[in-house]
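# Summary of structural features
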Amino acid sequence: PTASEQLPDLVEMMKGQKTRSDSVSGKKKTRQAERRAAAMAREQQEKDEEAGPLEFLSGVTFLQDRETGKVTYLKIVEAGTWLAIITLIGWEIFINSPFFDRAAPQTPIL
């Protein structure tokens, strides 16, 4: 055996030893991790309880998302799009009906 095989590695020796500062820093890290977890849980709870800007529309069922049950901007855009489509179809029917009087005379068809 050579001399390097008989002598233990200094780094390995130091890893095996625990000092007082390691135990203190371990306690500090544990407490810090617990505080972070508690803060994140508190933040999530506040976020869930907080009334969003669309919360006043929660009584309108067709604006609620089917999976979450909450009002989303996407559902508002979808409802607005359907309203615009239905309004334009109604307007087209009205202007092509006999109830609509043109202000200008009809242009002759050539």
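Residues numbered from 1 in each chain as written. Predicted model: local features only at pLDDT ≥ 70, side-chain atom pairs only at ≥ 80, totals over all residues. Heavy atoms only, no water.

### Digging into the overall build of the protein chain
From N to C terminus, the protein chain includes four helices and zero strands. When the helices and strands of the protein chain are listed from N to C terminus, the series reads α-α-α-α. Only carbon and sulfur atoms are counted for the fraction: they give 61% of the accessible area of the protein chain, which is about 10600 Å². (Helix = DSSP H or I, 4+ residues; strand = E, 2+ residues; numbered from the N terminus. Areas by Shrake-Rupley, 256 points an atom, 1.4 Å probe, with all protein chains shown as cover.)

### Observations regarding the environment of Phe-94
Within the secondary structure layout, Phe-94 lies in helix H4 (residues 73-95). Residue classification places Phe-94 among the partly exposed residues on the basis of a relative accessible area of 34%. Beyond its immediate chain neighbours, meaning those up to four positions away, Phe-94 contacts Phe-99 and Phe-100. (Buried < 20%, exposed > 50% of the residue type's maximum accessible area, 1.4 Å probe, protein only. Contact = heavy atoms within 4.5 Å.)

### Remarks on the side chain of Lys-75
Structurally, Lys-75 is set in helix H4. According to the relative accessible area criterion, Lys-75 is buried, its value standing at 16%. Each residue touching Lys-75, except ones within four places of it in the same chain, is listed here: Phe-62, Leu-63, Gln-64 and Asp-65.

### Quick word on a nonpolar patch on the surface
Together, Trp-82, Ile-85, Ile-86, Ile-89 and Ile-93 make up an exposed nonpolar region whose accessible area comes to about 540 Å². The topology assignment puts Ile-86 in helix H4. (Patch = residues over 30% accessible without salt bridge, like charges linked within 9 Å, V, L, I, M, F, W, Y side chains within 5 Å. Salt bridge = Lys/Arg side-chain N within 4 Å of Asp/Glu carboxyl O.)

### Looking at a positive patch on the surface
Side chains of Lys-27, Lys-28, Arg-31, Arg-35 and Arg-36 sit close together on the surface and give a patch of like positive charge. Inspection of the secondary structure assignment puts Lys-28 in helix H3 (residues 20-49). Take Lys-28: its relative accessible area is 52%, and that puts it in the exposed class. (Lys, Arg positive; Asp, Glu negative; His and termini not counted. Charge placed at Lys NZ, Arg CZ, Asp CG, Glu CD.)

### A look at the confidence of the model for the protein chain
Mean pLDDT for the protein chain: 81, with 81% of residues reaching 70 or above. Predicted confidence in the protein chain is weakest over helix H1 (residues 3-6), with a mean pLDDT of 59, and strongest over H4, with 94. (pLDDT = per-residue confidence, 0-100.)

### Notes on the packing of aromatic side chains
For the structure shown, the criterion picks out three aromatic pairs. Seen from their ring centres, Trp-91 and Phe-94 are 5.7 Å apart, and the 45° between their planes marks the pair as tilted. In this pair, Trp-91 and Phe-94 are both assigned in helix H4, three residues apart and thus about one turn of the helix distant. Between Phe-94 and Phe-100, the aromatic rings sit 5.5 Å apart at their centres with planes inclined by 75°, giving edge-to-face as the arrangement. Phe-100 sits in the partly exposed class, given a relative accessible area of 31%. Cluster of aromatic residues (ring-pair linked, three or more members): Trp-91, Phe-94 and Phe-100. (Phe/Tyr/Trp six-rings, centres within 6.5 Å; stacked < 30°, edge-to-face > 60°.)

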